[in-house]
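Per-entry structural report
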Amino acid sequence: MPVIIPYVPTTITVHMGLPNEWAENVTVTFPDYVKNVASSEIYPTWEPAAIRANVLAIISFALNRVYTEFYPSRGYDFQITSTTAYDQKFIRGRNIFENISQIVDEIFNDYIRRVGFVEPLAAKFCNGTTSTCSGLSQWGSQEMAQQGYNSMEILRRYYGDDIELVVDAPIQDLQTSYPGAPLRLGDTGNSVLVLQSALNRVSRSYPAIPKIWPVTGVFGPPTEEAVRQFQRIFNLTVDGVVGKATWYKLAYLYVGTARLAELISEGQQFTSFQYPGTLREGDQGENVRALQYMLSMVSQFYNTIPPVTIDGSFGPSTTRAVRAVQNAAGLEPDGVVGGRTWYALYNDFLPINFAMRGDTVRMGEPVAAAMAAQGSGSSQGSMVRLGQYPGFPLELGQSDNVGGVLV
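No experiment lies behind these values; they were computed from the predicted model shown. (Residues numbered from 1 in each chain as written. Predicted model: local features only at pLDDT ≥ 70, side-chain atom pairs only at ≥ 80, totals over all residues. Heavy atoms only, no water.)

The next point concerns helix α8 (residues 244–258). Between its first and last C-alpha, α8 extends 21 Å over 15 residues, near the 21 Å set by a 1.5 Å rise per residue. Buried residues along α8 sit against α6 (190–202) and α7 (221–233). With its phi angle positive at about 55°, Arg 259 sits one or two positions after the end of α8. (Helix = DSSP H or I, 4+ residues; strand = E, 2+ residues; numbered from the N terminus. Expected span 1.5 Å × (residues − 1). Contact = heavy atoms within 4.5 Å.)

Moving on, we come to the nonpolar core. Counting 50 residues, the largest nonpolar core has Phe 30, Tyr 33, Val 55, Leu 155 and Tyr 159 as the members making the most contacts within it. Element by element, the count of residues in this core is highest for helix α2 (residues 48–67), at 13 residues. Apart from the residues lying within four places of it in its own chain, the contact partners of Leu 155 are Ala 53, Leu 56, Ile 112, Leu 136, Gly 160 and Ile 163. By size, the runner-up hydrophobic cluster in this structure holds 29 residues, among which are Phe 70, Phe 78, Phe 234 and Leu 250. (Core = buried A, V, L, I, M, F, W, Y, C linked by side-chain atoms within 4.5 Å. Buried < 20%, exposed > 50% of the residue type's maximum accessible area, 1.4 Å probe, protein only.)

Glancing now at the environment of Ser 317. Note that Ser 317 resides in helix α10 (residues 316–329). Through-space distance from the C-alpha of Ser 317 to that of Pro 307 is 8.2 Å; in sequence the pair is ten residues apart.

For helix α3 (residues 98–107), every residue scored as buried is listed here: Ile 100, Ser 101, Ile 103, Val 104 and Ile 107. In a view along the axis of α3, the buried residues occupy a sector of 165°, so they form one face of it. For α3, the exposed residues lying more than 90 degrees away from the buried face are Glu 98 and Glu 106. Check the buried side of α3 and you find it contacts α1 (30–41) and α2. (Arc of directions from axis to C-beta.)

Below, the discussion takes up unusual backbone geometry. In the Ramachandran plot, Glu 69 falls in the positive-phi region, its phi being about 50° despite a non-glycine side chain. With respect to the helices and strands, Glu 69 occurs in the loop between α2 and β4 (80–81). We classify Glu 69 as buried; its relative accessible area is 4%. We note that Asn 235 has phi near 55°; this positive angle belongs to a residue other than glycine.

Another aspect to go through is the side chain of Ser 60. Take Ser 60: it is sitting in helix α2. Engagement of the side chain of Ser 60 in a polar contact is seen with the backbone oxygen of Leu 56, the distance being 2.8 Å. Among residues more than four places away in sequence, those in contact with Ser 60 are Tyr 111, Ile 112, Pro 120, Leu 121 and Ala 123. (Polar contact = N/O pair within 3.5 Å; in protein donor to acceptor, adjacent residues only side chain to side chain.)

This paragraph deals with the pattern of salt bridges. If you walk through the whole model with that rule in mind, you get eight salt bridges. Across the salt bridge formed by Arg 65 and Asp 87, the nearest N and O atoms sit 2.7 Å from each other. Within this pair, whereas Arg 65 is found in helix α2, its partner Asp 87 is found in the loop between β4 and α3, the two being separated by 22 residues in sequence. Judged by relative accessible area, which is 8%, Asp 87 ranks as buried. Asp 162 is paired through a salt bridge with Arg 114; the nearest N and O atoms lie 3.0 Å apart. Taken together, the residues Asp 162 in the loop between α5 (151–159) and β8 (163–166) and Arg 114 in strand β5 (residues 111–114) connect sequence positions 48 residues apart. (Salt bridge = Lys/Arg side-chain N within 4 Å of Asp/Glu carboxyl O.)

This brings us to the packing of helix α9 (residues 286–299) against α10. Following both chains from N to C, one finds α9 and α10 inclined at 60°, their axes separated by 11 Å at the closest point. The orientation of α9 relative to α10 falls into the category oblique. When you trace α9 past α10, the crossing you get is left-handed. Packed against α9, whose contacting residues are Leu 291, Gln 292 and Leu 295, the element α10 presents Thr 318, Ala 321, Val 322 and Val 325 at the interface. (Axes fitted to C-alpha atoms, helices over the stretch in contact; angles between N-to-C directions. Parallel < 35°, antiparallel > 145°, perpendicular 65-115°, else oblique. Left-handed = near helix turned anticlockwise from the far one by under 90°.)

None of the figures reported here should be taken as evidence of function without further support.
Set out below in structure tokens:
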């Protein structure tokens, strides 16, 4: 439900108190917000590496709040609060330290994220003395900097080795995920795709919500029924129309079920689904993760395929799931993923996940050709935005090979 591509907002609105209590809202430029928080949270006498590490954590946490629409999806008209009980310390009108200001000017549109994930990391932190947490220790970061560690080494110490730095993120005015007008029976397009995909994801935690199958981007009777059931469960007006209240309640639950605002986020990922070569039990890595992701998604719709854990390790449970796919496809159930098995699974996976969390897809060689060759799809193709009419009717049996999809 949140905006798919993270960006740095030109301004951010800070609520000067607890979320549910009356307080003034203050709107400042994003760099000024970061400078204020950094000057309130850390000391200007600290080592530059410690200051940079803390500034990157502050930026990433704030951008995660913007990306997930954490407060707007709860009905608030601000992006973040000024209290450390919920967010980061912001003191209106405070003095800004010059060296902190200079560092922020250099890196205010850089942020950290998990490798392969899309959303900025919810980089929680604490001072490490009077309070501790699962995130960065501010005083610990200073101790590491004094020992000669650089900012990324410090961040990886606290957030794990699987983080990376995104530099020069785009800067733009604040956007909202709500399409601007209610969605109802008969509507089509990208916003309907997002709606259907989010309902399907939330239905994993609330199984009374019927799954929408297939995900087509057309607001038909199955989507209307799923919306009505969602509205019944959450005490919304049961009219089958997705207005602001329904949209943001769904956005709130989507972020919560995927844990996008937590350090242990399930994550939104960009994964390549081009055939990587033969995979078998004992293999590990990102290609196995992509295989497991497809198996996991397909297993939600086919009871004959057992669910798997997405851990990047090809173990016995993955082998069992692969054999189930091979049986269903009429292939030899040897548990080894060759080209024919990969694309048989992919053809089932694609219509389920085509719009689950994506913004763009890269079109590659046709699946049939890839299956015949049993080789890796190396075509780069062209970028196509979801919701764009392809120029011809799509009918039962048609398929394409998508080289990459946001998942």
